[in-house]
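# Per-entry structural report
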Amino acid sequence: MAGRLSLPEEDLTCPICCAIFREPVVLKCAHSFCGPCLQQYWAGKGRGRDCPLCRTQSVDDPVPSLTLRNLCESCVQEEEAQGEEAAAAELYCDPGEICPLHGEKLKLFCLPDRKPICVVCHTSRAHKQHDCCPISEALLDVKEKIKSALGSLRDKKETFERMRRTYEDTVEHIQVQAQFVERRTREEFERLRHFLRAEEDSRMEALRRETEQKTQEMRRRMEEVEANLSSVSETIGALEEEIASEDVSVLRKSSTNSPIEDPVMASGALIDVAKYVGSLTFQVWEKMHKIAKYTPVTLDPNTAAPWLILSDDLTGVRDSDDKQRLPDNPERFDPDTAVLGREALTSGRHAWEVNVGDNTAWVVGVAKESVKRKKKVNSVLNNGYLCVYFYRKMYFAGTSPLTRLSLKRNPQRVRVLLDCDKGRLSFYDPRGNTHIYTFKHPVTEPVFPYLWVGCQTCPLTVEPVEVSLKVAEFS
């Protein structure tokens, strides 16, 4: 084996017979040949004894090469061993590849029965009319199917891995959302607590001032009573002395004195307790509604495109250059820079105003729940949108095709009036209540307030509305 590994097989081949050397000999020119092949070559040449390769004349007899013979014998033995192994492998068959009925090797594959069979099985009644193919072909077909299934499974694995990363990102975003909600909730409650503390302090201060005022008034009246009481006491003492005296001078004294009015308890002397504690919660609530903003539409951040920036109170939205890292949940618009209101509208009348200001590109209206959110589409009526547009300094209504609108002045606000029961959606400019456009379209599925914004400097803002408290009256 070592000899064969160190010397290529062509170096062990006789140039005359092209086979492994047999009884190799070497000439003086260093060329080697089989001994019998060389003698046969020279016999055909007559007296000439030249080298079959280089034609050099050889006077001396060729010298046997023991080393070359050993190498050739080793090579021949190795080839014989390999041939025996191949023959043994051909004769040997895995017991699982032997037909259990006929003891023959399974060489065919029955296509209708989907099972390997032997040649005898193919001629039997069970498989005589069946289409068969060599097992090697069947294996190729099966491997192709396995490769296809493997490719599909690898694609599915990548899908699951992407979804796992999406879920991981969603978990992180949920924590961010929770922190935001906690912060905003604490801020709002702190604002309410501040209002309540200020209202409590104000009422306590009013109570203190009234208490002090009425206490001082009572003390002043007490001093007046004390002064009158002293005067009356002195008069009584003087009259008692006159009564006890028998002097004629008493006759000359006037017994009439200026009358003193009787003390009277003044009205309104007490603290007006009912003013302070009567319907206290309602009175505080009535004041509180003046600081509590109410907007008829709250924007849903779970639907906002990743480029949009929403205000903390979820009433304003603007565009940006940076795409935020947000979960790609089914409700979110991407790539359209749009956002929906949170509440679905299905019945009744609804109204809200959007402050568009100097925004250079906007869309205001409603969108059906079924609108496509994961690809860019024209936001027109046949795609599920009922909106008015401002784009490139022109106004349009979202009909199919778009309807150009001629407005006398640019509205700073757009009022949206939706009557779900009548299937009417109207837009107005609140300044002068100028009509912009009206859609007459039945509401057959839930719709949501819809905003699209293409401006980074001026946000779109849903305006708050006044809220009043009314006490029920009995008729």
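Along each chain, numbering runs from 1 in the same order as the chain's sequence is written. In keeping with the predicted nature of the model, local features appear solely for residues at pLDDT of at least 70, side-chain atom pairs appear and are counted solely at 80 or more, and the whole-chain, interface and lining totals rest on all residues. Note that the side-chain values use all heavy atoms of the structure and ignore hydrogens as well as water.

As recorded by an unreviewed UniProt entry, the protein carries the name Tripartite motif-containing protein 35-like and is attributed to Kryptolebias marmoratus. Regarding the protein, the relevant UniProt record gives this comment under Sequence similarities (unreviewed entry): "Belongs to the TRIM/RBCC family." UniProt positions are given in the numbering used here, feature names are shortened, and annotations may be inferred rather than shown by experiment.

### A look at the confidence of the model for the protein
Scored from 0 to 100, pLDDT records how confident the predictor is in each individual residue. Across the protein, pLDDT averages 88, with 92% of residues at or above 70. We call two residues in contact when some of their heavy atoms are within 4.5 Å. Long-range and interchain partners of residues 1-6, a stretch whose pLDDT sits below 50, account for six contacts in this model, where long-range means more than four residues apart. Below a pLDDT of 50 lies the segment residues 88-93, which in the model reaches two contacts outside its immediate sequence neighbourhood of four places, other chains included.

### Considering the sheet that holds strand β15 (residues 413-419)
Here seven strands make up an open sheet; going across it, the order is β7-β8-β19-β10-β15-β16-β17 and the pairing antiparallel. Among the strands making up the open sheet, the edge pair consists of β7 (309-310) and β17 (434-440). Inspection of the sheet shows strand β10 (residues 349-355) paired to strand β19 (residues 460-462) by two bridges, in the antiparallel sense. When the sheet's bridge partners are listed, Asn355 is paired in β19 with Thr461. Two strands pair under a simple rule: DSSP has to find at least two bridges between them. Working definition: helices are DSSP H or I runs of at least four residues, strands are E runs of at least two. Numbering for both runs from the N terminus.

### A word on the environment of Phe189
Within the element layout of this structure, Phe189 appears in helix α5 (residues 135-244). Residue class for Phe189 comes out partly exposed when judged on its relative accessible area of 46%. Measuring from C-alpha to C-alpha, the distance between Phe189 and Thr403 comes to 47 Å, with 214 residues separating the pair along the chain. The classification of residues rests on relative accessible area computed with a 1.4 Å probe and restricted to protein chains. Under 20% of the type maximum is buried, over 50% is exposed, and intermediate values are partly exposed.

### Re the pattern of salt bridges
Put simply, a salt bridge is a Lys or Arg side-chain nitrogen that is within 4 Å of an Asp or Glu carboxyl oxygen. As enumerated under the stated definition, the model contains 32 salt bridges in all. Measuring nitrogen to oxygen at the nearest pair gives 3.0 Å for the salt bridge that ties Arg203 to Glu199. Taken as a pair, Arg203 and Glu199 lie in helix α5 at a separation of four residues, close to a single helical turn. Owing to a relative accessible area of 7%, Glu199 belongs among the buried residues under this scheme. One salt-bridge network, in which partners are shared between bridges, spans Arg183, Arg184, Glu187, Glu188, Arg191 and Asp312.

### Quick notes on a positive patch on the surface
A cluster of basic residues, Arg349, Lys422, Arg424 and Lys440, forms a positive patch on the protein surface. Examined against the element boundaries, Lys440 turns out to sit in strand β17. Patch building starts from residues that exceed 30% relative accessible area and form no salt bridge, then joins like charges within 9 Å and nonpolar side chains (Val, Leu, Ile, Met, Phe, Trp, Tyr) within 5 Å. For accessible areas, the Shrake-Rupley method is used with a probe of radius 1.4 Å. Any residue's cover is judged against the shown protein chains and nothing else. The convention is simple: Lys and Arg are positive, Asp and Glu are negative, and His and the chain ends are not counted. Every charge is mapped onto a representative atom, which is NZ of Lys, CZ of Arg, CG of Asp or CD of Glu.

### Observations concerning the pairing of strand β13 (residues 394-397)
Bridging between strand β12 (residues 385-391) and β13 involves four bridges; their strand directions are antiparallel. Across the sheet, residue Tyr391 finds its bridge partner in β13, namely Met394. Sheet topology places β13 next to strand β14 (residues 403-405); three bridges connect them, and they run antiparallel. In the strand pairing of β14, Tyr395 is matched with Leu405.

### Focus on the state of the cysteines
What we call a disulfide is simply a covalent bond connecting the sulfur atoms of a pair of cysteines. Here, the term disulfide refers to a pair of cysteine sulfur atoms separated by no more than 2.5 Å. Within the structure shown, the criterion is met by zero disulfides. No disulfide involves Cys29; its sulfur sits 3.5 Å from the nearest other cysteine sulfur, which is in Cys51. No disulfide involves Cys54; its sulfur sits 3.6 Å from that of Cys51, the nearest cysteine.

### Brief notes about the domain arrangement of the protein
How big an interface is tends to be expressed through the accessible area that disappears when the partners come together. Taken domain by domain, the protein holds domain 1 (9-78), domain 2 (99-130), domain 3 (140-244 + 271-290) and domain 4 (309-463). The domain boundaries here were taken from an automatic or database domain assignment. Taking only C-alpha atoms into account, the centre of domain 1 sits 55 Å from that of domain 2.

### Section: helix α2 (residues 35-43)
For an α-helix the count is 3.6 residues per turn, leaving residues at separations of three or four pointing the same way. Taken as a whole, α2 has its buried residues at Gly35, Cys37, Leu38 and Trp42. Across the axial projection of α2, the buried residues extend over an arc of 165 degrees, all falling on one side. Exposed residues on α2 whose side chains face more than 90 degrees from its buried face are Gln40 and Ala43. Residues of α2 that are buried make contact with β1 (24-26) and β2 (32-34). Regarding the arc, it is the one traced by the directions from the helix axis to the C-beta atoms.

### Let's talk about the environment of Asn433
Note on placement: Asn433 falls in the loop between β16 (424-429) and β17. Taking C-alpha positions, Asn433 is 27 Å from Leu314, a pair spaced 119 residues apart along the chain. Sequence-distant contacts of Asn433, defined by excluding residues within four places in its chain, comprise Arg415 and Tyr428. There is a polar contact of 3.3 Å between the side chain of Asn433 and the side chain of Arg415. What qualifies as a polar contact is a pair of N or O atoms within 3.5 Å, subject to a donor-acceptor requirement within protein and to the restriction that residues adjacent in sequence count only when both atoms come from side chains.

### As for the packing of aromatic side chains
Pairing of aromatic rings covers Phe, Tyr and Trp, the last counted by its six-membered ring, and requires centre-to-centre distances within 6.5 Å; plane angles under 30 degrees mean stacked, over 60 mean edge-to-face, and any other angle means tilted. One pass over the structure, following the stated rule, counts eight aromatic pairs. For the pair Tyr437 and Phe439, a centre-to-centre distance of 5.0 Å together with 70 degrees between the ring planes defines the contact as edge-to-face. On the basis of relative accessibility, which here comes to 21%, the residue Tyr437 falls in the partly exposed class.

### Considerations on the nonpolar core
Membership of the largest hydrophobic core comes to 51 residues, with the highest contact counts inside it found for Val317, Trp362, Tyr450 and Leu451. Every residue in contact with Val317, bar those within four places of it in the chain, is listed here: Leu299, Leu308, Ile309, Leu310, Val339, Leu451, Val453, Pro459 and Leu460. Ranked by size, the runner-up nonpolar core spans 15 residues in total, among them Cys37, Leu38, Trp42 and Leu68. Among buried residues, those of type Ala, Val, Leu, Ile, Met, Phe, Trp, Tyr and Cys that are joined through side-chain atoms within 4.5 Å constitute a nonpolar core.

### Quick look at the side chain of Glu199
A polar atom in the side chain of Glu199 sits 3.4 Å from the side chain of Lys287. In this structure, Glu199 is in contact with Val284 and Lys287, ignoring residues within four places of it in sequence.

### Overview of the sheet that holds strand β5 (residues 115-117)
Read across the sheet, three strands follow the order β5-β4-β6 without closing on themselves; strand pairing throughout is antiparallel. Looking at the sheet topology across the chains shown, the edges are occupied by β5 and β6 (132-134). Taking each pair of neighbouring strands and ignoring which way they run, the sheet shows an average axis angle of 35 degrees. Where strand β4 (residues 108-110) lies against β5, three bridges are found, and the strand directions are antiparallel. Within β5, the position partnered with Phe109 by the bridge is Pro116. Here α5 sits on the sheet and contacts β4, β5 and β6; the angle it forms with β6, its principal contact strand, is near 90 degrees. The convention used is that axes are lines fitted to C-alpha atoms, helices contributing only their stretch in contact, and that angles between N-to-C directions extend from 0 to 180 degrees.

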